[in-house]
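Chain by chain, the residues run as shown.
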There are 4 protein chains.
Amino acid sequence: MRATEKLLADYGFHGLSMQMVAREAGVATGTIYRYFEDKQDLLHQLYDHILSRVAQLVTQNVTDDMPLKERFRTMWLNIWAMAYQEDAPLINRGQFENLPRRNTLEQQQLEQKLFSKVHRLFEEGKAQGLLKPLDNEILSVLGLEPSACLARKHLTGVLHVDEKSREAALEACWDAITQHD
Amino acid sequence: MRATEKLLADYGFHGLSMQMVAREAGVATGTIYRYFEDKQDLLHQLYDHILSRVAQLVTQNVTDDMPLKERFRTMWLNIWAMAYQEDAPLINRGQFENLPRRNTLEQQQLEQKLFSKVHRLFEEGKAQGLLKPLDNEILSVLGLEPSACLARKHLTGVLHVDEKSREAALEACWDAITQHD
Amino acid sequence: MRATEKLLADYGFHGLSMQMVAREAGVATGTIYRYFEDKQDLLHQLYDHILSRVAQLVTQNVTDDMPLKERFRTMWLNIWAMAYQEDAPLINRGQFENLPRRNTLEQQQLEQKLFSKVHRLFEEGKAQGLLKPLDNEILSVLGLEPSACLARKHLTGVLHVDEKSREAALEACWDAITQHD
Amino acid sequence: MRATEKLLADYGFHGLSMQMVAREAGVATGTIYRYFEDKQDLLHQLYDHILSRVAQLVTQNVTDDMPLKERFRTMWLNIWAMAYQEDAPLINRGQFENLPRRNTLEQQQLEQKLFSKVHRLFEEGKAQGLLKPLDNEILSVLGLEPSACLARKHLTGVLHVDEKSREAALEACWDAITQHD
DNA sequence: CATGAATGAGCCTTCATTCAT
DNA sequence: AATGAATGAAGGCTCATTCAT
């Protein structure tokens, strides 16, 4: 899986062949098939693997006793920082997003669990009347997704985001999800 | 190009073969090559084609004499509506985003021009002190991107968004880009 | 046919497509098929065409009243010179030789006739006891073929042949076909 | 390579497809690509392979202590005989000649070495004043090339060469390269 | 368990030939 | 007679997957 991730990051989704993965991993082609059903399975498992790393990175340094705004801020910046990780889980984000995804219930419950800290943040915020009474998924799209989106554009050079703009974008996201009289 | 678009929407970027395109279009394989240099060229041209349709759909029923909020609202809902278009430009959005893109200056100027109404909206808003003084690109990510993102999730069934939620999301996006005392 | 010859000389046997020929000739693709049965026929006819030009070039400035040696010498040098012709019949020689050839009797009789001056030279030489009593075809291989072979190698740079060597080679060919007590 | 050689001999350079080679060799198409980079590489390697067989056949039964004329005679007849080899290296000669050739120095040195016996023959002959003082390459064209050329024509039926004629042609070639008073 | 040679369907692209205009 | 768009078989090559060792 490490090999696959590296190749995906370096060469993109095309040009990912099982023989390349095998060579990079230092094993024979056939060996892969003892641990993964087929290519699709490898990609699925990689998705899960990366997703849990992403979840870990997003929620690191966040504890449930921090103030809500503080938690949001930390997560938002964690997402931003993820793009610069040397050990590249998200550099792949571009690629990662279109990894084939299972759409099973199990999968959704897994994601639910991985991002429970995020959900807790949103639930508490709504309970306090601080956040808008929207579905967590929607709050996520409004409040956190833009961080990933901007980071990606920043990284690919489509758009330069300086520190001040980044801070303003963070605040704007907060504005999006909080109640305004 | 219509055939390509359909196949892209149905089967995704991978598994798009020239043979399939030809069959779907009801022509012989070789015929494609009379109108497109190669597969890459077909994809590039398709990108341009869709982009201009997207621009047209996003900005339809928007005129520069409408109030700012009204313009924003119309665009946001246009984006939302795009996902339901029978003749599917955005169903592909998921796929569309990773169509190979030329990154020439020309291309960027073209995009600039196609979305000039959007840019004008943002510029006026900033001039009036109504909108936050951020780069248009950033405002776009904060204010409009979530519409596409939610519509996509709604359509794929990952998330159900009722009319009230949609309205709330729209307002939240407006909150994100406007100044607050 | 002129177009075909040019393309053959420039790009070789591969990369000779009917559409290229048409474009070079300034006509539509289909037009070719009004004048030639198919590609093979075009090539056959081109072969004949070039062969007659070759015959003309080989035997130019040769008349039956010249001394035998003089005639031989002229032909040998004509062959050598052919390689340098601007209007390229033989530059193609490399390519020309593996143009598809019909092997009919007619064809052989045609060639017989085209090179009648050569045959007359050999017949007279044998009658006078000056040349070896061998089949004309064999005399041709021994006496004239080497000129083409050397010129080709000289032209492709495989081998440098200066004027003195060329003269010596000519004499050696004469030695090959003449009687030696 | 054996399959390629056979197909080349039977159907010529054009009309040699990797699929055909695979079928003839009794393997799958893809298998070829485990042993050869691509078609060009296959042809290059085949060229080398055949060339070394040709060199071996041309110089077999020739040792440096044999009289010069004897050596020449043996080689000349070896070349002639090559055309009749069941296991067909030279039947291809026609085709063989226009196999794509690398033109590297290495290649030339290899050829030099393969045919060193021929070069030695010519060098000794010139040293003794028996042969004309010409470049070895030229002597080769004058003295040995005609053997291949005649054999080829004989084999394709263009020309019938009986034993006596063959002997005379051999002598004529000797006349071509030797000094005369 | 691990190997890696072998497989063969499938991909992109070319091009000789046809035929409605 | 000329056109040139359309055809579709075939070509070179890749790669997910299998299986005998």
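Remember, it's a predicted structure, so these values are computed and weren't measured experimentally. (Residues numbered from 1 in each chain as written. Chains lettered and ligands numbered in written order. Predicted model: local features only at pLDDT ≥ 70, side-chain atom pairs only at ≥ 80, totals over all residues. Heavy atoms only, no water.)

Comments concerning helix α1 (residues 2-11) of chain A
- For α1 of chain A, the set of buried residues is Ala3, Thr4, Glu5, Leu7 and Leu8 of chain A.
- A positive phi of about 80 degrees marks Gly12 of chain A, the residue just after α1 of chain A. (Buried < 20%, exposed > 50% of the residue type's maximum accessible area, 1.4 Å probe, protein only. Helix = DSSP H or I, 4+ residues; strand = E, 2+ residues; numbered from the N terminus.)

Some remarks on the relation of the copies chain B and chain A
- Expressed as a screw operation, the relation of chain B to chain A combines 0.3 Å of axial shift with a rotation of 178 degrees, fitting to an RMSD of 0.7 Å. Taken together, the turn and the small shift mark the pair as related by a two-fold rotation axis. Nearest to the rotation axis, the C-alpha of Ala176 of chain B is located 2.0 Å from it, this being the minimum over chain B.
- A share of 100% of the interface residues of chain B reappears at the interface of chain A, consistent with the copies meeting face to face through the same patch. (Least-squares fit on C-alpha atoms with pLDDT ≥ 70 in both. Contact = heavy atoms within 4.5 Å.)

Some details on the packing of aromatic side chains
- Inspection of the entire model under this criterion finds eight aromatic pairs over all chains.
- With centroids separated by 5.1 Å and ring planes inclined at 45 degrees, the aromatic side chains of Phe72 of chain A and Trp174 of chain A adopt a geometry described as tilted. Linking Phe72 of chain A in helix α5 (residues 68-82) with Trp174 of chain A in helix α11 (residues 163-177), this pair joins segments that are 102 residues apart in sequence. Side by side, Phe72 of chain A and Trp174 of chain A carry an identical accessibility label, which is buried.
- Ring geometry for Trp76 of chain B against Trp80 of chain B: centres 6.2 Å apart, planes inclined by 10 degrees, an arrangement best described as stacked. Highlighted residues: Trp76 of chain B and Trp80 of chain B, both in helix α5 (residues 68-82), separated by four residues, approximately one helical turn. Accessibility classification places Trp76 of chain B together with Trp80 of chain B in one group, the buried group. (Phe/Tyr/Trp six-rings, centres within 6.5 Å; stacked < 30°, edge-to-face > 60°.)

Some thoughts on the UniProt feature "DNA-binding region" (unreviewed entry) in chain A
- Per the UniProt entry, the sites bearing "DNA-binding region" (unreviewed entry) are residues 17-36 of chain A in this numbering.
- A distance of 14 Å separates the end C-alpha atoms of residues 17-36 of chain A, which is 75% helix and 0% strand. (UniProt positions renumbered as here; feature names shortened; annotations may be inferred.)

Here's the deal with the interface of chain B and chain A
- At the interface, 26 residues of chain B touch 26 residues of chain A.
- Buried surface at the junction of chain B and chain A, both sides included, amounts to about 2200 Å², of which 74% is carbon and sulfur.
- Considering only the side of chain B, the residues that lose the most area to chain A are His14, Ile138 and Val141 of chain B, jointly responsible for 21% of the buried surface there.
- Counting the contacts that link chain B with chain A gives four salt bridges.
- Between Asp175 of chain A and Lys132 of chain B there is a salt bridge, with its nearest N and O atoms 2.6 Å apart.
- At the junction of chain B with chain A, the criterion picks out three residue pairs in polar contact (both at pLDDT 80 or more).
- Contributing elements (two or more residues each) for the side of chain B that touches chain A: α9 (136-143), α10 (145-156) and α11 (163-177) of chain B.
- The biggest single contributor to the side of chain B that touches chain A is α11 of chain B, with seven residues. (Buried area = accessible area lost by both parts, 1.4 Å probe. Salt bridge = Lys/Arg side-chain N within 4 Å of Asp/Glu carboxyl O. Polar contact = N/O pair within 3.5 Å; in protein donor to acceptor, adjacent residues only side chain to side chain.)

Here we look at the protein's contact with DNA strand F
- Every one of the 31 residues lining DNA strand F counts as a neighbour, but Met18 of chain A, Arg34 and Tyr35 of chain B, Tyr35 of chain C together with Lys39 of chain D are closest to it.
- Backbone atoms, meaning sugar plus phosphate, form 64% of the atoms of DNA strand F positioned within 4 Å of the protein.
- Measuring from a phosphate oxygen of DNA strand F, one finds a backbone N or O atom of Met18 of chain A at 2.4 Å.
- Contacts to DNA strand F include Tyr33 of chain D, whose side-chain N or O atom sits 2.8 Å from a phosphate oxygen.
- Broken down by secondary-structure element, the contributors of at least two residues to the surface near DNA strand F are α2 (18-25) and α3 (29-35) of chain A, α3 (29-35) of chain B, α3 (29-35) of chain C together with α2 (18-25) and α3 (29-35) of chain D.
- Per-class residue counts for the surface near DNA strand F are 12 nonpolar, 13 polar and six charged. (Near = heavy atom within 4 Å. Nonpolar A, V, L, I, M, F, W, Y, C, P; charged D, E, K, R; others polar.)

Let's talk about the arrangement of the chains
- In this view chain B stays clear of chain C, with the nearest C-alpha atoms of the two still 13 Å from each other.
- Looking at chain A next to chain D, you find no contact at all, with the nearest C-alpha pair sitting 13 Å apart.

Considerations on the packing of helix α8 (residues 116-127) of chain C against helix α9 (residues 136-143) of chain C
Residue and element names in this part refer to chain C.
- Put simply, α8 and α9 touch, their axes get as near as 10 Å, and they point 100 degrees apart. On the basis of the axis angle, α8 is roughly perpendicular to α9. Every residue of α9 that contacts α8 at His119, Phe122, Glu123 and Lys126 is listed here: Asn136, Leu139 and Ser140.
- Across the contact of α8 with α9, the residue classes tally to two nonpolar, three polar and two charged. (Axes fitted to C-alpha atoms, helices over the stretch in contact; angles between N-to-C directions. Parallel < 35°, antiparallel > 145°, perpendicular 65-115°, else oblique.)

Quick word on the interface of chain D and chain C
- With 26 residues of chain D at the interface, the matching set in chain C holds 26 residues.
- Sorting the residues of chain D by area buried against chain C places His14, Ile138 and Val141 of chain D first, and these three jointly supply 22% of that buried surface.
- Connecting chain D to chain C are four salt bridges.
- Viewed at the interface, chain C and chain D are joined by three residue pairs in polar contact (both at pLDDT 80 or more).
- Counting residues per element, the ones that place at least two in the side of chain D that touches chain C are α9 (136-143), α10 (145-156) and α11 (163-177) of chain D.
- Ranked by residue count, the leading element in the side of chain D that touches chain C is α11 of chain D, at seven residues.
- Residue composition of the side of chain D that touches chain C, grouped by class: 15 nonpolar, five polar and six charged.

Concerning the protein's contact with DNA strand E
- The environment of DNA strand E is formed by 31 residues, the closest being Lys39 of chain B, Met18 and Lys39 of chain C together with Arg34 and Tyr35 of chain D.
- Protein-adjacent atoms of DNA strand E, using a 4 Å cutoff, are sugar or phosphate at a proportion of 65%.
- Within the backbone of Ala28 of chain A, a nitrogen or oxygen atom sits 3.2 Å from a phosphate oxygen of DNA strand E.
- Among the elements of the structure, α3 of chain A, α2 (18-25) and α3 of chain B, α2 (18-25) and α3 of chain C together with α3 of chain D are those that each provide at least two residues to the surface near DNA strand E.

Considerations on helix α8 (residues 116-127) of chain A
Residue and element names in this part refer to chain A.
- With 12 residues, α8 ought to run about 16 Å at 1.5 Å a step, and its terminal C-alpha atoms sit 16 Å apart, in line with that.
- The complete set of buried residues in α8 reads Val118, His119, Leu121, Phe122 and Gly125. All buried residues of α8 fall inside an arc of 155 degrees around its axis, so they share one side.
- Looking at the buried side of α8, the elements it contacts are α4 (39-59), α5, α7 (105-114), α9 (136-143) and α11.
- Within two residues after α8, Gly129 carries a phi angle of roughly 75 degrees, on the positive side. (Expected span 1.5 Å × (residues − 1). Arc of directions from axis to C-beta.)

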